[in-house]
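Chains, contacts and geometry: an overview
Given next are the chains, with one letter for each unit.
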Amino acid sequence: MFHDLSPAMLARMTELEAIDAADRADGTPHNQRLRQIPPNTGRYLAILAASAPAGQMVEVGTSAGYSALWLSLACRQRGDVLTSIDRDPDKLVLARQTLDLTGSSDVVRLVSGDALDIVAAMAGVAFAFVDANRDVLLACVELLADRLVPGGLVAVDNVISHAAEIPGVLERILADPRFDAVVVPIGSGVLTARRTAR
Ligand SMILES: C[S@@+](CC[C@H](N)C(=O)[O-])C[C@H]1O[C@@H](n2cnc3c(N)ncnc32)[C@H](O)[C@@H]1O
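Right, let's walk through the structure included here. (Residues numbered from 1 in each chain as written. Predicted model: local features only at pLDDT ≥ 70, side-chain atom pairs only at ≥ 80, totals over all residues. Heavy atoms only, no water.)

1. Considering the sheet that holds strand β6 (residues 179-184)
- Strand order across the open sheet formed by seven strands is β3-β2-β1-β4-β5-β7-β6, with mixed pairing between neighbours. Single-partner strands in this sheet number two, and they are β3 (108-112) and β6. Geometrically, the sheet is characterised by an average inter-axis angle of 15° between neighbouring strands, direction not taken into account.
- Here strand β4 (residues 125-130) pairs with strand β5 (residues 148-156) via five bridges, running parallel. Each residue of the ladder has a partner; that of Val 130, found in β5, is Val 156.
- Relative to β3, helix α4 (residues 89-102) is tilted by about 170°, and along the sheet it contacts β2 (82-86) and β3.
- Here helix α6 (residues 137-145) sits on the sheet and contacts β1 (56-60), β4, β5, β6 and β7 (190-195); the angle it forms with β5, its principal contact strand, is near 165°. (Pairing = 2+ DSSP bridges. Helix = DSSP H or I, 4+ residues; strand = E, 2+ residues; numbered from the N terminus. Axes fitted to C-alpha atoms, helices over the stretch in contact; angles between N-to-C directions. Contact = heavy atoms within 4.5 Å.)

Next comes the structure, spelled out in structure tokens:
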């Protein structure tokens, strides 16, 4: 996967990384910032996604499509299409540009709307990356728990960096018998959970 990164993909990733870094430094309002995962988290998620069982591939929180590019590497290898959800139309315009510039439109489907509504209508999920606002995190994981295939994987970003904003959530997921879960200290901290057979 990582050996197949095209020049166009590398160029767009570099461009988005620069915009994100500038956003963080120049006081751009929180909801306008791209708030992307770091590159190593992207690599980690791509490996997870490539290793997931058969089923649907989902991302909650597209922003400009940076993490979707990493996940697209796994989807291309698997012959799957990533459904990537965001409710911010401005972010989806950027994401569309990302997909067009990198030739990734065939492996990423952008969906506009609220994550909870869209995930509620899904079934047979094999891999989900949850990177939306903290207020929907637990509800999203709860919805996914009933929609994952056995052995399906969920990754949730920012669980170390923003632990104070999600009191009790980690403990609840770690104790949930429907998941075998662990917090992986990569980037901002990625809760990684595998659906058990229960
Ligand atoms: C942290 S950013 C995602 C960054 C992206 N995963 C990346 O690494 O390139 C969070 C995104 O989630 C979207 N979002 C937040 N809450 C949402 C919700 N309830 N439904 C859909 N999108 C949501 C925001 O509009 C924002 O673009």
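2. Examining the pattern of salt bridges
- For the structure shown, the criterion picks out twelve salt bridges.
- Glu 142 is the partner of Arg 172 in a salt bridge, and the nearest nitrogen-oxygen pair spans 3.5 Å. Residue Arg 172 is found in helix α7 (residues 169-175), and its partner Glu 142 is found in helix α6; the two are separated by 30 residues along the sequence.
- Judged by relative accessible area, which is 26%, Glu 142 ranks as partly exposed.
- A salt bridge links Glu 142 to Arg 178, with the nearest nitrogen and oxygen atoms 2.9 Å apart. (Salt bridge = Lys/Arg side-chain N within 4 Å of Asp/Glu carboxyl O. Buried < 20%, exposed > 50% of the residue type's maximum accessible area, 1.4 Å probe, protein only.)

3. Brief notes about the site of the ligand
- Close to the ligand lie 22 residues; Gly 61, Ser 67, Asp 86, Ala 115 and Asp 131 are nearest.
- Here Asp 86 contributes a side-chain N or O atom positioned 2.6 Å from an oxygen atom of the ligand.
- One nitrogen or oxygen atom from the main chain of Ala 115 is found 2.9 Å from a nitrogen atom belonging to the ligand.
- Here the ligand has 610 Å² of accessible area as a free molecule, and 97% of this is covered by the chains.
- Counted by class, the shell around the ligand contains seven nonpolar, seven polar and eight charged residues. (Near = heavy atom within 4 Å. Polar contact = N/O pair within 3.5 Å; in protein donor to acceptor, adjacent residues only side chain to side chain. Areas by Shrake-Rupley, 256 points an atom, 1.4 Å probe, with all protein chains shown as cover. Nonpolar A, V, L, I, M, F, W, Y, C, P; charged D, E, K, R; others polar.)

4. Looking at the side chain of Asn 158
- One can find Asn 158 in the loop between β5 and α7.
- At a separation of 3.3 Å, a polar atom in the side chain of Asn 158 contacts the side chain of Asp 131.
- In this structure, Asn 158 is in contact with Asp 131, Arg 134, Ala 163, Ser 188 and Gly 189, ignoring residues within four places of it in sequence.

5. Here's the deal with the nonpolar core
- Core analysis: the largest hydrophobic core is formed by 39 residues, its most contacted members being Leu 45 and Phe 127.
- Counting only elements with at least two residues in this core, the list comes to α1 (7-26), α2 (39-51), α3 (66-78), α4, β3, β4 and β5.
- Examining the composition of this core, we find that eight residues originate from one element, α3, more than from any other.
- Apart from residues lying up to four places away in sequence, Phe 127 is in contact with Leu 45, Leu 48, Ala 49, Ala 52, Gln 56, Met 57, Val 58, Leu 71 and Leu 153.
- In terms of nonpolar packing, the next biggest core, distinct from the first, is built from 28 residues, Ile 85, Val 130, Leu 148 and Leu 170 among them. (Core = buried A, V, L, I, M, F, W, Y, C linked by side-chain atoms within 4.5 Å.)

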